[in-house]
Structures are given as C-alpha cells and as structure tokens.
Amino acid sequence: MRSTRRWFIGGALAASATLAFLLVSAAFAESKAIYENPKEPIEKRVEDLLGRLTLEEKISQLMNDSPAINRLDVPAYNWWNEALHGVGRAGRATVFPQAIGLAATWDTDLMNRVATVISDEARAKYHEFVRRGKRNIYQGLTFWSPNINLFRDPRWGRGMETYGEDPFLTGRLAVSFIKGMQGDDEKYLKTVATVKHFAVHSGPEPARHTFDAVVSERDLRESYLPHFEAAIKEGGAQSVMCAYNSVDGDPACANDRLFEVLRKEWGFNGYVVSDCGAVNDISANHKKKPNAQEGAAAALKAGTDLNCGIEYRNLEQAVRAGLIAEADIDRALRRLLTARFKLGMFDPPDKVKYAQIPFIENDSAAHQALSVEAARKSIVLLKNEGDLLPLRKDLKNVAVIGPYAADVRVMLGNYNGIPSAPISAASGISRKLGRTVPVVSAAGSDIAENMPTFEVIPSVVLQTSDGPNARQGLFGQYFNTASFDGELHRPKELTYPNSGVLIGRMIDNPMPLFTNIDPRVSFMEWAEGAPRPDMNDDDFGVRWSGMLRAPSTGTYQLGAIGMNAWELYLGGRRIAQSNSIHDFAYRSAPVELEGGKLYPIVLDYHEYLNDAGIELVWSRPGLKMEDGAMMAAQNADVIIMTLGLSPRLEGEEMKVPVEGFKGGDRETLGLPRVQEELLKKVVALGKPVVLVLFNGSPLAINWAQEHVPAIIEAWYPGQAGGAAIADVLFGDYNPAGRLPVTVYKSADQLPPFDDYRMAGRTYRFFKDEPLYPFGYGLSYTTFAYRNLKVPSEVKIGAEAKISVEVENTGMMAGEEVAQLYIKGAGGSLDPVHSLAAFERIALKPGERKTVQLTVRPEQMVRFGKDNKRAIEAGSLEFSVGGGQPGKSKGTNLEGTIRLTGASKMLD
C-alpha cells in the first residue's frame, strides 16, 4: 500500500513537472522571435529579421565577409566557397577531374553523382567548422560553381573550368551538377550552386577588368544564354555570379539588359553575387561611374545583391545622397537571407537532414572510388594506330617520360581541394604492372622555357649549422602564432586579391612551442590541420633555418611552393615571398651558388587561415634531364610520354614568363617548345610510343598526330588520374570519353581572340578542317547504328522522340556516346549543325540496345531573316551516330522531323 501510494505521489509530481515544462516551453516558444522559429514560413521569418536590422547592419550583410550581428544571434558568414570539381581550398577533399574532363564524360548521371559527393563533403565540412567555431572564407555552404561560360576560344586560360564549347552539352551537365549540389529536400537546400560568369565572359584574361564584349542579339540568344537559362529554369540554381567585363558597353554587374533577361524573362528569384572586385571595376576600370559610391549604387540597383569585396560600404552614403533607397537594400538582403534560411542556418541541426552527414564521409573510400570512375570516363582516346593500345602487361621494361611523369599536382587543375593520396602517371603504371615489370620515370625537360620543373631540396644538401655539431636537415622552430611573436595578426577583413597579412620582416629571438630537425621541408599533408594536434590550425608559424651546400656552381632557381604566407631568405637577403589563401603559389628567384660552399638559409611560414602546406624547392643548373630520359627510353619496350600544359601555364589572370602564353591565356595552341623537342627525339628511337596529354585547353599536336601511334587525352584528371590512365593503357578500362571542344590545327584558323562573334568558332560555326572534331573519341571496340525510328510528325512545341539501335560489333566491352545533331538552315549565319541530344551507354560484345534520344522544342528554334526566334512548320533534318555527321568513326544515320501546326514565335 505504501509503495503504491509512493508511486502515485511520485507519478503525480512527475506529471506536474512535465506539464510545467511543457507550459514553460510553450511560453518560451511564444517569446521567441518569428525569425527564430523553424515552424514559421521562411518568407515570414526573413521579413521579421529584416525588420529588426538597422541600415548599417543591413549593408554589412551585403558583402561576402558578413559580420555577426550578436544582438540578434545572427552568426558571421563568409559567402565565398569553391566546388568546381570537389570542395576547394578547405583541406582534405575528394578531387575529381577538372570540369573540362568531367564534360568529356558526356555523362549526366555521373555528373549528378559527382556533385552529390561534393555536396556531401561540403555539408560535412561546414558543420565540423561550425562545431569548431570557424566561419571563415571557404567554410560555408554557398559555392561559386559551376563555371558554365562557353569555351568559345581555345586560347582562354580558364576554359578548363567550363563544360566546353557547346551550349546544349553545357546546359545538360550544368543541370545535373546543380541538382546534385542543391539536393532534393522539399524545405532545405543542401548547398547553393552559383552559375558563373553571367553571361558573356571568356577572356582575354589580362583585359577582363576593362574589356567590353560586343555581341549581337542572335549570338547572345543562340550561344551565350541557352545554358544559363537551363541552369536557372531546370537546374534551379539559387545564385548567379556576374562577370568582370562589360557586355555591349555596360559592366556585367550593372547591366540592365542582362538582368532583365535573368529576372523578368526567366523568373530568377535567387541572388546575384559579383565576381571579386567587379563592383570596383564599374568606376575604377570601366569608368562608367565617376566614383565608388555611384558604382556600388549602380550595381545594387541593377540587381547585384552581394558584393565580393568591400565596395558596398559606400551604400550608406549612396542612400543619403539619394542614389538608392533603403528599399533597394532590403530587396537585395531579402534574397540573401532567404538563401541562408533555406540552408537551415538559423534552425537546430536536428531539423535539417543534411546536417546529419558525418564528417567521416569526407574523402571516404566510396568517394575515392567515384573519383576513379570519373577519371576513367573522362579520358579520350585520340589515336590508336595499329591497335598499339591496350598494352600487354608482360612487358620487360616501361619508361614514363615527361615533366608530368611523377607530378601529382598537375592532376588537380585549379580551384581544387587537397586529396589524401593522389596518384601520378608513373605511380599508377607501376602499381598496375607490379614489381615484375620495371617502370622508370624521368622528366626529360622543363615544363617550358622559363618554367622549370621543381624538386624538393633533399636533406643531403641541408644542415642545421656550419659548426662541427651540425646535423643533416634544417632546424625547425614551431610557433603557436602565425607571426611567431604574437605582434602581427590576421586582419579583421579579407579582401580580394591580396587577402591576408603582409609579413616580410625577420623576427629576432621568437619563443617556439617546440623545435625539431626536419630532413627537408615538404609538408603538403597538413591541409586543414597543423603540425601537432595541440596547435591552432589557423594560427601557427614555422621557421626553418640552417645552411645550404650547393652541389655544383651555377644559377639555381630557389624558392618554395605554399599556401598562406611565406618568405625565403638566403644569406640574410629575402629572395622570394608569397601571400595567398587561394592557391598554392610557386615563387622562386635565380641565385648564383658556388659548388661546395655553405649558404645561410631561412624559410618563414605563416599559417593564418584555412589550408596549410609548404615545400622548399629548387631547380638545379646543368641537369641533363634529357640524357636520363633518353637512357630510360632506349632501355624500354614501350615509352609513355606525359606532356602538355599545366595550371602554372594556363589559368586565371596570372603571370606566365613563357613565349606563347599571356596572362593565363595562350597565344599559340601547340605544346611548349621544349616538350615538343623531347617528343621528337624519343619518337626517333623507333620504339612504341604512347602520348598522354595533360591540359585544360585543347592542344594542336599536329606533329604527334602524324608520328605518334597512340595518343590519349587525360585533361587534369584529379586525384585518381594515374590509376585511371593505367587502366586505359593496359585495357582494364575501355576509353569512351568524347571531346567537349574542337581541337584546331592552329590559332590561325580562328578569328581574333577578343572578337565575341560566333562566326568561325566552335564546331557549330567552324567550316575549316579541325585536328580533332567536337564529339570525337575512339574505343578499343566498334559500334554500329541501325533501325532508326522517327515519328511521322511532331506538333510545334512538343518533344520529338527518336530511337536508334546501337550494337557493340567488336570483341571488347565498351561504352558509346550516341549523338544526335540537327542540321542548320543553311543561311550564312546559321550553325552548320548543333548537338540536340546524346546518351552514354555500356555494351558487352555483341550486345544491342535501343537508345531513345529526345529532341526538345528549344533545339528546334530557328532564326528568321529578321533575327526573330521561332519554331516553324517544315522539315528539320538530323543525323545520329557516334559523332558529328561527316566526322564520326562510322556512318551516321540521317532522318527528318516533320514539324506541324502553327508557328511559335519566341520574340
């Protein structure tokens, strides 16, 4: 009885406590602001928060490095993040092939799976950063990818970041990528994908801050806009980045014509971010406005919501001057806050399903396996004379020769993360063949003239001092602050392009946390970490000091490769330095060294944000790299040549001291001269030679096409590039990549680089003979096309579904890319033909599959004599096969689509 009573009383008390808790919780919920309540509609929450902000606070949120508003519990947020082909610049990440390589797969399903992995890792990283109190650049969920600009000219250094030269292929891949990045949840975005650079932007790089791209309405609608429209209307991209250059006289970030298309025609309701520094260009470089205040006002009023930079600080004065109204600021901030709420940034993590992705998913085994698949699928077989490929595995000796034989960094392209275990070409081939077949690698040449091939300075030439107790290596002092003595600090704001501290002075007698004797300076593995777990991974420094003994007399290139800030001193004089949180920078200087003499050397490294890594490197004089390569080639059964370009030669607004290269762009299309000469000498030996190309933009390898029996295009294939190359070379994977660009024989076949008219460019308007056509790619097997079926008629505005049977007629399993092209109308301004549908399929020997290719209404649009767009009744001719009509490996099947009904005018 007593125990029953005790239970009853205890239960009553518990029930009373529970009721009290629920009442308090309900009262607390009612007291919370609307914007803090996940149950309220996002639109209502945004308006509530917007109404609580002061003008100054609102403006502070319109720049990429948005500060916290502590009184409202709004956390700081940096909008700048990269995910071009993997989460970039945020430590360890799975690195897939560069974007142009992903485009070469012609595989929309693969693209979606790649983007899904990237967004998984992005979410895992973001929540780990937040748990650790980190909200810096490259640590958020708003990604400035993909780059879907048309690769209209092979001379553009950033073409590697795109999906090629065709608007339809680019659009299909962009839609798949965006959906994989943004997820499929009804309430929350997984990440935000930003399509860039809207919309007419593709070089020249050195002039991008002043250049005016002049385009006709037809070129704009037919070539420069379709893929952006698909990305917005089908992909649902939540963000757009406007470009640096002007378009038809108006800066892209203040271009009413472009914004009208984006907002009014396409109904885009997301936010627009400026490229970094583009708002400043409006007044400073384009000279369209007299000062920064009016430039900022013009960008905001046109529709640029977010400023990468600090120019929007001028908006408060612009409001007071009457240039803009506070309503203009509210409109922009409303779009930005909507994105943050959709990402779940103001909600408990347990309410957001994407917040449950564990950090161990980052760089997981499954993600690494996908990087191998993507690299394999990106490789294009350009030539295979006499069926040299695939190679036998019972070779006696293999030589891998060229500046990229053992180089893993060339695999990564740009805007990349740091892979945990990248595989070079030589390493991949060696692993494939095992210990029974010797694989000898040799650089053979520099990358180009004035562009040396660096190596980490070995411990044998380094010693801790010049005294009798000197030890091999350098004396490392490790500090718990980037500045060594705590006096210098990372600035409160990071601006483009010179983000970070300006460190450049020797500090006397700093007190290290610990010391170590390091045999050599090669610490790329730090990534997002630090030398020791007890160190702050965003605030540490290292000084390496000792002596360098030159092995011989001559001119050395002495320097370092690193992220964040570093300075290199020789004999007490600073000879090289770098300060970048965006990329691993190569910096070096020529120094005269006397053989056998000791030189005092000091390398100071300062880690203040994100990725960490540093290598002390040199290029030695008098090295007869060619001799070693030729010896290896003479002793080999087969020679694999690894040649091409490099992110050190092509890229974004960069200094390249090499003839034929300018500011990141190219002026000629061939291999660097030193590489071409090495190739000719190796081929002259008469041995079987396979050429493996690394590049982001197409190479005019005319001599190689004539003299080298087998050639594969590997692009910048990502972390698994070496493994994928080996799989293709030795037949464990049958290559099926297809070119997303035209490979021209010479730049002389093209109009001037700065001419934005499409006439004479890309396969659609090019009427000369290319070296390799768009859509081209060989296989180790053969395919046949049969039984083409076409609907008797298609009503205007409806899709046309065309089926064709494809058979693997060879002896090896492989993949084919069925391509359907619509022929042009025959006018002088009309495309020769245009890609309208494609599908990548896998077939076993003798297997047949029926492929259905859907021609969408927008692919049927024609321009009339008045340059008005319409779909009109009549015949639409098309061709189906393994490539372009007249340029494919086999015979294409031809057909005609009958369009019936009333014409549909689009303008």
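Above: the structure in question.
Not measured: the values here are computed from a predicted model.

1. Focus on the state of the cysteines
Under the definition given, this model contains two disulfides. For Cys-242, the disulfide goes to Cys-253, at an S-S distance of 2.1 Å. Residues Cys-242 and Cys-253 share a disulfide whose torsion about the S-S bond is about 105 degrees; that sign makes it right-handed. Of the two residues, Cys-242 sits in strand S6 (residues 239–242) while Cys-253 sits in the loop between strand S8 (250–251) and helix H9 (256–265), which places them 11 residues apart along the sequence. Across this residue pair, the class does not change: Cys-242 and Cys-253 are buried. The disulfide partner of Cys-276 is Cys-308, and the gap between their sulfur atoms is 2.0 Å. Disulfide Cys-276-Cys-308: the torsion about the S-S bond is 80 degrees, which places it as right-handed. Here Cys-276, found in the loop between strand S9 (271–274) and helix H10 (278–284), pairs with Cys-308, found in the loop between helix H11 (292–302) and helix H12 (315–320); they are 32 residues apart in sequence, far enough to count as distant. Overall, the relative accessible area of 1% leaves Cys-308 in the buried class. Ordinal numbering of bonded cysteines along the chain defines a disulfide pattern of 1-2, 3-4.

2. Some remarks on the packing of helix H5 (residues 108–131) against helix H6 (residues 167–182)
Any two packed helices are characterised by the angle at which their axes cross and by the distance between the axes. The contact between H5 and H6 brings their axes to 7 Å, and the two run at 30 degrees. Comparing their axes, H6 and H5 come out roughly parallel. Regarding H5 and H6, the two cross each other, and that crossing is right-handed. On H6, the residues that touch Thr-108, Met-111, Asn-112, Ala-115, Thr-116, Ile-118 and Ser-119 of H5 are Arg-172, Leu-173, Ser-176, Phe-177, Lys-179, Gly-180 and Met-181. Tallied by class, the residues present in the contact of H5 with H6 amount to six nonpolar, six polar and two charged.

3. What about the sheet that holds S6?
What the four strands build is an open sheet, ordered S3-S4-S6-S9; its pairing is parallel. The open sheet terminates on both sides in strands that have one partner only, identified here as strand S3 (142–143) and S9. When S6 meets S9, the two strands line up parallel, connected through four bridges. Bridge pairing links Ser-239 to Tyr-271 in S9. Along the sheet, H6 contacts S3 and strand S4 (192–198); its crossing angle with S4, the most-contacted strand, is approximately 145 degrees.

4. Notes on the side chain of Thr-194
In this structure, Thr-194 sits in strand S4. At 3.0 Å, the side chain of Thr-194 and the backbone oxygen of Phe-143 are in polar contact. There is a polar contact of 2.9 Å between the side chain of Thr-194 and the side chain of Ser-239. Setting aside residues up to four positions removed in sequence, Thr-194 forms contacts with Phe-143, Trp-144, Ser-145, Pro-146, Ser-239, Val-240, Met-241, Tyr-271 and Val-273.

5. A closer look at helix H13 (residues 326–342)
Counted at 1.5 Å a residue, the expected span for H13 with its 17 residues is 24 Å, and the 24 Å between its end C-alpha atoms agrees. When H13 is considered as a whole, its buried residues turn out to be Asp-328, Ile-329, Asp-330, Ala-332, Leu-333, Arg-335, Leu-336, Leu-337, Ala-339, Arg-340 and Phe-341. Backbone geometry just after H13 places Gly-344 at a positive phi near 80 degrees.

6. Some remarks on the layout of surface pockets
By volume, the second largest pocket amounts to about 980 Å³. Pro-226, Glu-229, Glu-858, Gln-859 and Val-861 are the residues nearest the centre of the second largest pocket, which is lined by 39 residues in total. Those elements that place two or more of their residues in the lining of the second largest pocket are H6, helix H7 (217–224), helix H8 (226–233), strand S30 (814–823), strand S31 (833–843), strand S33 (862–863) and strand S34 (869–871). Tallying contributions element by element places H8 first for the lining of the second largest pocket, with five residues.

What counts, and where the lines are drawn
Residues numbered from 1 in each chain as written. Predicted model: local features only at pLDDT ≥ 70, side-chain atom pairs only at ≥ 80, totals over all residues. Heavy atoms only, no water. Disulfide = S-S within 2.5 Å. Helix = DSSP H or I, 4+ residues; strand = E, 2+ residues; numbered from the N terminus. Buried < 20%, exposed > 50% of the residue type's maximum accessible area, 1.4 Å probe, protein only. Axes fitted to C-alpha atoms, helices over the stretch in contact; angles between N-to-C directions. Parallel < 35°, antiparallel > 145°, perpendicular 65-115°, else oblique. Left-handed = near helix turned anticlockwise from the far one by under 90°. Contact = heavy atoms within 4.5 Å. Nonpolar A, V, L, I, M, F, W, Y, C, P; charged D, E, K, R; others polar. Pairing = 2+ DSSP bridges. Polar contact = N/O pair within 3.5 Å; in protein donor to acceptor, adjacent residues only side chain to side chain. Expected span 1.5 Å × (residues − 1). 1 Å grid on protein atoms, 1.4 Å probe; cavity = no way out; pocket = protein on both sides within 12 Å on 5 of 7 lines; lining within 4 Å. Points joined across faces, edges and corners; volume = space filled by probe spheres on them.

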